[in-house]
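Structural description and commentary
Next come the chains, spelled out residue by residue.
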Amino acid sequence: MGQRTLLRGLTLAVAAVLPLCGPAAVQAAGSAAATAVAVCGHTSAQPTLRQGSTGDAAVEAQCELNLATKPSRYTPIAADGSFGAATATRVQEFQRCAGLGVDGVIGPQTWTALNTWAARPHTCATQGTSGTAQTEVCGHTDTRPTLQQGAQGTEVEELQCRLNLAMEPFHYPPLTIDGDFGGGTEGRVVEFQSCAGLGTDGVVGPNTWAKLADWSGLDTYCTPPRPVGYPVDGLDTAEYQHPDGAPIDWNAVRASGVEFATVKATRGLNVTDAYLATDLVAARAAGLAVAPYHFYTGTAPDTGGAQADRFIAAVRATGYTGQRAGDLPPVLDLERMDDGSERCPAYGTVADAQAWLDKVEAAFGRTPVIYTQKSFLDDCLGSTTAFARYPLQLADYRRSITQPPVPDGSTTWTMWQYTDAALFPGVQAPATGDVFNGTQADLDRLANRGTGLTAAPPE
């Protein structure tokens, strides 16, 4: 897979896929699914169901309950068409999650919420508890023929449903369960095979079926791999992490083990992020080491100094000085244009970026960090070595590498942004995830903790 260039500027057009819980989920459910939807492909008939009900509608409900509750780590229940005590309990658990009346009966409101939650991932306010693995979780068929692109029928519906139950749905948007083995299904099979350590041929044979049956019946998922050997985690945020104005719960972010954050401050000459003041202050108050960042735009010549002035004024207004305990150095975001074209900034030059760096360093007494990619400096700034003295936050989303390639003249990196689809408790949309190249003590020194001195980046 080639090196990706959609970085901070366009991260998260996928923010349309949001985890919701409680009353917000009810609101979403009420606005969706005006007509009955057979999410699992069994039947669109949605009669009122209660303990003792049987038939296709019960199978559909059980399958949808599995898809709707597994993101909150509930082990799937048996989708056998018999509405027994286990199904009634799961209905009640789902109703609590969705902010509905808890009676264990699947009536119109519960059906509508189920249709929404099963087709689009949501999470409950609390996590489920692990249970006994089930063998019948989708209810289509027990036959396991070899399948590949072009196949159709009930076996493909079973495959698609089990893929949705095996793959973490916020990173891997659920497949439509339509019984048609097309390119999207084949791609998802390859992703699953990669997760499961199988040959990635896109063909569903006995080994793939066996792994899929195991994973889809448990309360675990295939998730994108996190780089190994770098124990300190971070994330980057901007307005994209605030869908519909939703706040970030920075205490929940910190409780999940995240140690540092870079928060968008400004863009170009005329944009200050709407959440700069709240996020920078709240993240620091929660105990994270925090850096503000500026998205450089070379849309006019010689604007680096003016862009620096805007950044300095904006972050000073939040109380950031660069010298307090918890303050990481400011960050300059150097990347391709954020209009989807992936072009180099029309007037971006080494000298203009240097003007920003010099002004900001003088203002805060900190050597700024540069966020970029080697490919950007090679393609857009002539493989310059002018920035070799600056700490680097490098973006590279390839799974085939163990660390990002460093630009010419540089010998190491400080932060690695390894994904644009990380999920963090307290954040209502996917975010970019980072690891730190060093120990917690190294991060503390860089964030003015303990010594009161500005630290050099870890070697």
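Please read all numbers here as calculations on a predicted model, not as lab measurements.

Basis of the calculations
Residues numbered from 1 in each chain as written. Predicted model: local features only at pLDDT ≥ 70, side-chain atom pairs only at ≥ 80, totals over all residues. Heavy atoms only, no water. Helix = DSSP H or I, 4+ residues; strand = E, 2+ residues; numbered from the N terminus. Rg over C-alpha atoms; globule rule 2.2 N^0.38 Å. Buried < 20%, exposed > 50% of the residue type's maximum accessible area, 1.4 Å probe, protein only. Contact = heavy atoms within 4.5 Å. Areas by Shrake-Rupley, 256 points an atom, 1.4 Å probe, with all protein chains shown as cover. Lys, Arg positive; Asp, Glu negative; His and termini not counted. Charge placed at Lys NZ, Arg CZ, Asp CG, Glu CD. Disulfide = S-S within 2.5 Å. Pairing = 2+ DSSP bridges. Salt bridge = Lys/Arg side-chain N within 4 Å of Asp/Glu carboxyl O. Expected span 1.5 Å × (residues − 1). Polar contact = N/O pair within 3.5 Å; in protein donor to acceptor, adjacent residues only side chain to side chain. Axes fitted to C-alpha atoms, helices over the stretch in contact; angles between N-to-C directions. Parallel < 35°, antiparallel > 145°, perpendicular 65-115°, else oblique. pLDDT = per-residue confidence, 0-100.

1. Considering the overall build of the chain
Of regular secondary structure, the chain possesses 13 helices and nine strands. A globule of 459 residues ought to have a C-alpha radius of gyration of about 23 Å, and the chain, at 24 Å, matches this closely. Its C-alpha atoms give the chain principal-axis dimensions of roughly 75 × 45 × 40 Å. Among the 459 residues that make up the chain, the fraction classed as buried is 53%. Pairs at least 24 apart in sequence give 68% of the contacts found in the chain among residues at least 6 apart. For the chain, the exposed area adds up to about 17,800 Å²; of that, 51% sits on carbon and sulfur atoms. Across the chain, the mean location of the 30 positive side-chain charges is 6 Å away from that of the 47 negative side-chain charges.

2. Section: the state of the cysteines
Counted by the stated rule, this structure contains five disulfides. At a sulfur-sulfur separation of 1.9 Å, the disulfide partner of Cys97 is Cys124. Linking Cys97 and Cys124, the disulfide has an S-S dihedral of approximately 100° and is accordingly described as right-handed. With Cys97 in helix 3 (residues 85-98) and Cys124 in the loop between helix 4 (108-119) and helix 5 (154-166), this residue pair connects regions lying 27 residues apart in the sequence. Looking at Cys124, the relative accessible area reads 7%, which means it is buried. One disulfide in the model links Cys195 with Cys222; its S-S distance is 1.7 Å. Of the two residues, Cys195 is situated in helix 6 (residues 183-196) and Cys222 in the loop between helix 7 (206-216) and strand 1 (233-237); the sequence distance between them amounts to 27 residues.

3. Topic: the pairing of strand 9 (residues 431-436)
Within strand 9, six of the six residues are buried, leaving the element largely enclosed by the surrounding structure. Sheet topology places strand 1 next to strand 9; four bridges connect them, and they run antiparallel. Paired with Asp236 across the bridge in strand 9 is Thr432. Across five bridges, strand 8 (residues 415-422) lies against strand 9 in antiparallel orientation. Within strand 9, the residue paired with Met415 across the bridge is Phe436.

4. Notes on the pattern of salt bridges
Think of it this way: side chains of opposite charge can pair up when their charged atoms draw near. Enumeration over the complete set of coordinates arrives at 17 salt bridges. When the shortest N-O distance is used, the salt bridge between Glu191 and Arg188 registers 3.0 Å. Residue Glu191 and its partner Arg188 are located together in helix 6, separated by three residues, close to a single helical turn. Residue classification places Arg188 among the buried residues on the basis of a relative accessible area of 9%. In this structure, the salt-bridge partner of Arg343 is Asp339, at a minimum N-O distance of 3.0 Å. Salt bridges sharing common partners tie together Arg284, Arg324 and Asp327.

5. Thoughts on the environment of Cys97
Under the relative-accessibility criterion, Cys97 is labelled buried at 6%. Residues Cys97 and Thr126, spaced 29 residues apart in sequence, show a C-alpha to C-alpha distance of 8.0 Å.

6. Quick notes on the side chain of Glu259
Assignment of secondary structure puts Glu259 in strand 2 (residues 258-267). Owing to a relative accessible area of 15%, Glu259 belongs among the buried residues under this scheme. For Glu259, the contacting residues outside a window of four places in its chain are Val232, Asp233, Arg254, Leu288, Ala289, Gln440 and Leu443.

7. Side note on helix 4
Between its first and last C-alpha, helix 4 extends 17 Å over twelve residues, near the 16 Å set by a 1.5 Å rise per residue. Of all the residues in helix 4, the buried ones are Thr110, Trp111, Ala113, Leu114, Asn115, Thr116, Trp117 and Ala118.

8. Focus: unusual backbone geometry
Residue Asp302 is not a glycine yet carries a positive backbone phi of 55°. If you trace the backbone, Asp302 turns up in the loop between strand 4 (289-295) and helix 10 (304-316). Residue Asp302 is classed as exposed on the basis of its relative accessible area, which comes to 69%. One non-glycine residue, Ser383, lies in the positive phi region at around 55°.

9. What to know about the side chain of Asp442
Here Asp442 lies in helix 13 (residues 440-446). Engagement of the side chain of Asp442 in a polar contact is seen with the backbone nitrogen of Thr439, the distance being 2.9 Å.

10. Things to note about the packing of helix 3 against helix 4
Between helix 3 and helix 4, the shortest axis-to-axis distance is 11 Å and the interhelical angle comes to 80°. It follows that helix 3 is roughly perpendicular to helix 4 by the angle criterion. Contacts between helix 3 and helix 4 pair Phe94, Gln95, Cys97 and Ala98 from the former with Thr110, Ala113, Leu114 and Trp117 from the latter.

11. Quick word on the confidence of the model for the chain
Per-residue confidence for the chain averages 89 on the pLDDT scale, and 90% of its residues sit at or above 70. In this model residues 452-459 is a low-confidence stretch, pLDDT under 50, and it forms 19 contacts with partners more than four residues away in sequence or in other chains.

12. Points about helix 10
The α-helix advances 3.6 residues per turn, and as a result positions three or four apart in sequence lie on the same side. If you check helix 10, its first and last C-alpha atoms are 18 Å apart, about what 13 residues at 1.5 Å a residue would give, namely 18 Å. Taken as a whole, helix 10 has its buried residues at Gly304, Gly305, Gln307, Ala308, Phe311, Ile312, Ala314 and Val315. Elements in contact with the buried residues of helix 10: strand 2, strand 3 (271-272), helix 9 (276-285), strand 4 and helix 11 (350-364).

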